[in-house]
Amino acid sequence: MDDATRPEGIQLHTRSRELELSYPGGESFRLSCEFLRVMSPSAEVKGHGPGQEVLQVGKLNVAITAIRPVGNYALQLVFDDGHDSGLYSWDYLHTLCRDRDHLWQTYLDELSEAGASRDPDVQVVKLEL
């Protein structure tokens, strides 16, 4: 683990549902709870190997209810939908910060392709014409 990937500050903003990570050198990133939930490193989301990923849908309003440190290398995030099995290593969190825009766009593209929605109250129906 590179010390540069370990945040020196972690703040949960409950109203905006964002986790703020501050790094040495003044870099600061805000990641939405939804983004963190759909990018969970858990087997439930990532699967046990390539091609086993499970697209997460309807997570628009998800919130983090608890943050638990795991040793000196990770955080366990507890979400209000009951998900709590992902361990977010410092390296993984830093990657999410660095590549957020690309990862988010890829996720949105996958949702669109699947005809799914971020909103749990919306069901998307694709009609073949």
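Please refer to the structure higher up on the page.
Notes on the structure in this doc start here. The model shown is predicted, which means the values in this text are computed figures rather than measured ones.

**Digging into the nonpolar core**
Right, so step 1: With 22 residues, the main nonpolar core has Leu36, Leu77 and Leu93 as its most contacted residues.
Right, so step 2: For this core, the secondary structure elements donating two or more residues are β2 (18–22), β3 (28–32), α1 (33–38), β5 (74–79), α3 (90–98) and α4 (100–114).
Right, so step 3: Ignoring any residue separated from it by four or fewer positions in sequence, one finds Leu77 in contact with Leu19, Leu36, Ile64, Ala66, Ile67, His83, Asp84, Gly86 and Tyr88.

**Comments concerning the environment of Glu110**
Right, so step 1: For Glu110, the position within the fold is in helix α4.
Right, so step 2: In this structure Glu110 comes out as partly exposed when scored by relative accessible area, which is 42%.
Right, so step 3: A sequence separation of 33 residues divides Glu110 from Leu77, and the C-alpha atoms of the two residues are 24 Å apart.

**Things to note about the sheet that holds strand β1 (residues 9–13)**
Right, so step 1: Reading across from one edge, β1-β2-β3 is the order of the three strands in this open sheet, with antiparallel pairing throughout. Each end of this open sheet is capped by a strand with a single partner; those strands are β1 and β3. The average undirected angle you get between the axes of adjacent strands in this sheet is 20 degrees.
Right, so step 2: As judged from the five bridges shared by β2 and β3, these two strands associate in the antiparallel manner. Opposite Glu20, over in β3, you have Arg30 as the bridge partner.

**Description of the pairing of β1**
Right, so step 1: As defined by bridge partners, β1 adjoins β2 across five bridges and the pair is classed as antiparallel. Bridge assignment links Gln11 to a residue of β2, and that residue is Glu20.
Right, so step 2: Once β1 ends, the chain turns through four residues before running back antiparallel as β2, passing Arg17 with a positive phi of about 55 degrees.

**Remarks on the pattern of salt bridges**
Right, so step 1: In the structure shown here, the tally under the stated rule is eight salt bridges.
Right, so step 2: Among the ionic pairs, Arg30 bridges to Glu18, the shortest N-O distance being 2.8 Å. One end of the pair, Arg30, is in strand β3; the other, Glu18, is in strand β2, and 12 residues separate them in sequence.
Right, so step 3: Judged by relative accessible area, which is 22%, Glu18 ranks as partly exposed.
Right, so step 4: We note a salt bridge from Arg118 to Glu34, for which the minimum N-O separation is 2.6 Å. Here Arg118, found in the segment after α4, pairs with Glu34, found in helix α1; they are 84 residues apart in sequence, far enough to count as distant.
Right, so step 5: Overall, Arg118 belongs to the partly exposed group, its relative accessible area being 28%.

**Brief notes about the sheet that holds strand β6 (residues 87–89)**
Right, so step 1: The three strands lie next to each other as β4-β5-β6, forming an open sheet whose pairing is antiparallel. Every interior strand has two partners, whereas the edge strands, β4 (64–70) and β6, have only one. Within the sheet, the average angular offset between the axes of one strand and its neighbour, ignoring direction, is 30 degrees.
Right, so step 2: The pairing of β5 with β6 spans three bridges and is antiparallel. Paired with Leu75 across the two strands is Tyr88, which belongs to β6.
Right, so step 3: Contacting β5 and β6, α3 runs over the sheet at an angle of about 80 degrees to β6.

Basis of the calculations
Residues numbered from 1 in each chain as written. Predicted model: local features only at pLDDT ≥ 70, side-chain atom pairs only at ≥ 80, totals over all residues. Heavy atoms only, no water. Core = buried A, V, L, I, M, F, W, Y, C linked by side-chain atoms within 4.5 Å. Buried < 20%, exposed > 50% of the residue type's maximum accessible area, 1.4 Å probe, protein only. Helix = DSSP H or I, 4+ residues; strand = E, 2+ residues; numbered from the N terminus. Contact = heavy atoms within 4.5 Å. Pairing = 2+ DSSP bridges. Axes fitted to C-alpha atoms, helices over the stretch in contact; angles between N-to-C directions. Salt bridge = Lys/Arg side-chain N within 4 Å of Asp/Glu carboxyl O.

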